[in-house]
Amino acid sequence: MSNLTATEFTTIADIIQKRSGLMLTMDKIYLLETRLTPFARRRGMADYKLLLRDVLANPNDVILTEIIEAMMTNETYFFRDKAPFSNIDEDFLSKFRKQNATEKKLRIWCAACSTGQEPYSLAMMFNEKVVEWQGWSIEILATDISELPLARARAGVYTQFEVQRGLPINLLMKYFTQVDENWKIIPKIASAVKFQKFNLLDSMSGLGCFDLILCRNVLIYFNQAGKIKVLESLERQLNRNGALVLGASEAVFGLLPTLQPSPDLRGFYIRSEPSIASTIAA
Ligand SMILES: C[S@@+](CC[C@H](N)C(=O)[O-])C[C@H]1O[C@@H](n2cnc3c(N)ncnc32)[C@H](O)[C@@H]1O
C-alpha cells in the first residue's frame with residue numbers, strides 16, 4: 001500500500017485537530033501507524049492507510065470519533081508528579097478552607113482525567129482529612145474527550161502495575177479491594193467523583209464555575225491557537241481566589257492574562273478578580 005500523500009496526511013491531521021485540538025505534524029506520521037494499525041485490523045483492514053483513505057472518501061462520524069480516541073495519549077498515574085497534590089492539599093486548600101469557612105462549598109474540575117487516577121487521588125486526599133472537611137460540600141467533576149478511558153475510570157479497577165505507580169501502600173490498602181489480580185477503588189471514593197464526557201474545545205459555560213481546575217498534560221499536545229482557546233475558556237470558569245493547575249512543563253507565558261502565576265507553587269495560576277462567568281451568573 002502506497003504511503004499517505006502529503007494532502008491525505010494534512011486532511012486527516014486537520015480533521016483531528018479541529019475536533020480534538022491534537023496537533024499532528026508530518027514528523028508524527030508514525031503515530032498514525034502505531035495507534036491506528038490495531039484499530040484498522042479490528043475493522044478487518046490490513047493497514048491504517050486503508051482505514052484513513054476509506055474515512056476520507058466516506059466521512060463517518062462514529063469512525064472519526066474512534067480514530068481520534070485511538071490517537072489520544074492516556075498516560076496518567078496516581079498522585080502524578082507528587083508536588084501539585086501536596087501543594088493543593090497543604091497550601092491552596094488549607095487557605096481556601098479558611099477563606100470559605102462560612103459557605104463551605106468547593107468545586108473541583110479535572111479537565112482531562114483519562115482513566116481517573118488524578119480525580120481519585122484528590123478524593124483520597126480529602127478523605128485523609130475528613131475531620132477538617134466536615135460539613136463541606138465537595139464536588140469533583142472529572143471529564144475527558146474519550147469514552148474508553150472514562151469507562152475505565154468509572155469502573156475504578158486498576159492493575160497491579162497501575163497501583164504501584166505513585167499510590168502509597170497505605171492508601172492502596174485503605175481505599176482499594178483486591179479483585180483477582182486487580183484492585184478496585186472502594187465505593188466511598190468512587191462516589192466522590194462524577195465522570196462526564198467533555199471536549200475542552202466545546203463551550204464550558206454549562207459546567208459552571210470552579211474553585212480549582214486541573215488541566216494537566218493535555219495542552220502540550222495542542223498548537224498555540226488551540227492552547228489559547230482552551231486557556232481563555234478555563235480562565236472564565238474559575239471563581240475568585242480559584243486556581244488553575246497546569247502540568248509543570250507546560251509553558252503558557254503570556255497566555256493567561258487574567259490569572260497570576262503563583263510565586264510559590266509551580267504550575268498554579270490564581271484568579272484574584274471574580275470570573276466573567278460568575279459575574280454574569282450573579
Ligand atoms: C496524558 S492524559 C493526562 C491525564 C491527567 N490529566 C494527568 O496529568 O495524569 C491526557 C488526556 O487528555 C485527554 N484529551 C485530549 N484532548 C482532549 C480534549 N480536546 N478534551 C478533553 N480531553 C482531552 C485525552 O483523552 C487523555 O486522556
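Every chain is numbered independently, its residues counted from 1 as its sequence is written. Given that this is a predicted model, residues contribute local features only at a pLDDT of at least 70 and side-chain atom pairs are listed and counted only at 80 or more, while totals for whole chains, interfaces and linings are drawn from all residues. Values reported for side chains reflect all heavy atoms of the structure, with hydrogen atoms and water molecules removed beforehand.

## Digging into the site of the ligand
Summary of the distance rule: residues count as near a molecule or strand when at least one heavy atom falls within 4 Å of that molecule or strand. S20, T76, A112, D144 and N217 are the nearest of the 20 residues found near the ligand. Nitrogen and oxygen atoms within 3.5 Å of one another constitute a polar contact, given that in protein one can donate a hydrogen and the other can accept it, and given that sequence-neighbouring residues count only through two side-chain atoms. Residue T76 places a side-chain N or O atom 2.6 Å away from an oxygen atom belonging to the ligand. Between the ligand and the protein, one listed contact pairs a nitrogen atom with a side-chain N or O atom of E118 at 3.3 Å. In isolation the ligand offers 610 Å² of accessible surface; the protein chains occlude 98% of this area. Here, Shrake-Rupley sampling with a 1.4 Å probe gives the accessible areas, and only protein chains in the shown set may cover a residue.

## With respect to the nonpolar core
Residues belong to a common nonpolar core when they are buried Ala, Val, Leu, Ile, Met, Phe, Trp, Tyr or Cys residues joined through side-chain atoms within 4.5 Å. Think of it in three bands: residues with accessible area under 20% of the maximum for their type are buried, residues over 50% are exposed, and the middle band is partly exposed, with areas taken using a 1.4 Å probe on protein chains only. Core analysis: the largest hydrophobic core is formed by 42 residues, its most contacted members being F78, Y120, L122, M124, L167 and F176. What counts as a helix is a DSSP run of H or I of at least four residues, what counts as a strand is a run of E of at least two, and both are numbered from the N terminus. Ranked by the residues each element gives to this core, the list is headed by helix α6 (residues 117-128), at six residues. Counting 25 residues, the second-largest nonpolar core is a separate cluster that includes A111, I213, L231 and L246.

## Things to note about the domain arrangement of the chain
Bear in mind that the domain bounds are from an automatic or database domain assignment. Splitting the chain by domain gives domain 1 (6-71) and domain 2 (83-281). For domain 1 and domain 2, the distance between their C-alpha centres works out to 30 Å. Any pair of residues with heavy atoms lying within 4.5 Å of one another is described as a contacting pair. Each partner contributes to the interface: domain 1 provides nine residues, whereas domain 2 provides ten residues. Buried area: the sum, over both parts, of the accessible surface (1.4 Å probe) that disappears when the two are put together. For the pair domain 1 and domain 2, the two sides together bury roughly 740 Å², of which 50% comes from carbon and sulfur. Any Lys or Arg side-chain nitrogen located within 4 Å of an Asp or Glu carboxyl oxygen qualifies as a salt bridge. Counting across the domain 1 and domain 2 interface gives one salt bridge. Between E69 and K197 there is a salt bridge; the shortest N-O distance is 3.6 Å.

## Considering the packing of helix α1 (residues 6-20) against helix α3 (residues 48-57)
Note on definitions: angles span 0 to 180 degrees between N-to-C directions of axes, and those axes are lines fitted to C-alpha atoms, for helices only across the stretch in contact. For the pair α1 and α3, the least separation of the axes is 11 Å and the interaxial angle reads 70°. Compared by their axis directions, α1 and α3 come out roughly perpendicular. Contacts between α1 and α3 involve E8, T11, I12 and I15 on the former and, on the latter, L52, R53, V55 and L56. Three classes are used, and their members are as follows: Ala, Val, Leu, Ile, Met, Phe, Trp, Tyr, Cys and Pro are nonpolar, Asp, Glu, Lys and Arg are charged, and the others, Gly among them, are polar. Here the contact of α1 with α3 is built from residues that sort into five nonpolar, one polar and two charged. Should an angle fall under 35 degrees it is taken as roughly parallel, and over 145 as roughly antiparallel, whereas 65 to 115 is taken as roughly perpendicular and any remaining angle as oblique.

## Description of the pattern of salt bridges
In total, this model carries 13 salt bridges according to the counting rule given. Here K174 makes a salt bridge to E128, at a shortest N to O gap of 2.7 Å. Of this pair, K174 sits in helix α9 (residues 169-175) while E128 sits in helix α6, placing them 46 residues apart in sequence. Salt bridges sharing partners connect three or more residues here, namely D81, E118 and R216.

## Examining the side chain of N239
The residue N239 is located in strand β8 (residues 238-246) in this model. Among the polar contacts made by the side chain of N239, one reaches the side chain of D211 at a distance of 3.0 Å.

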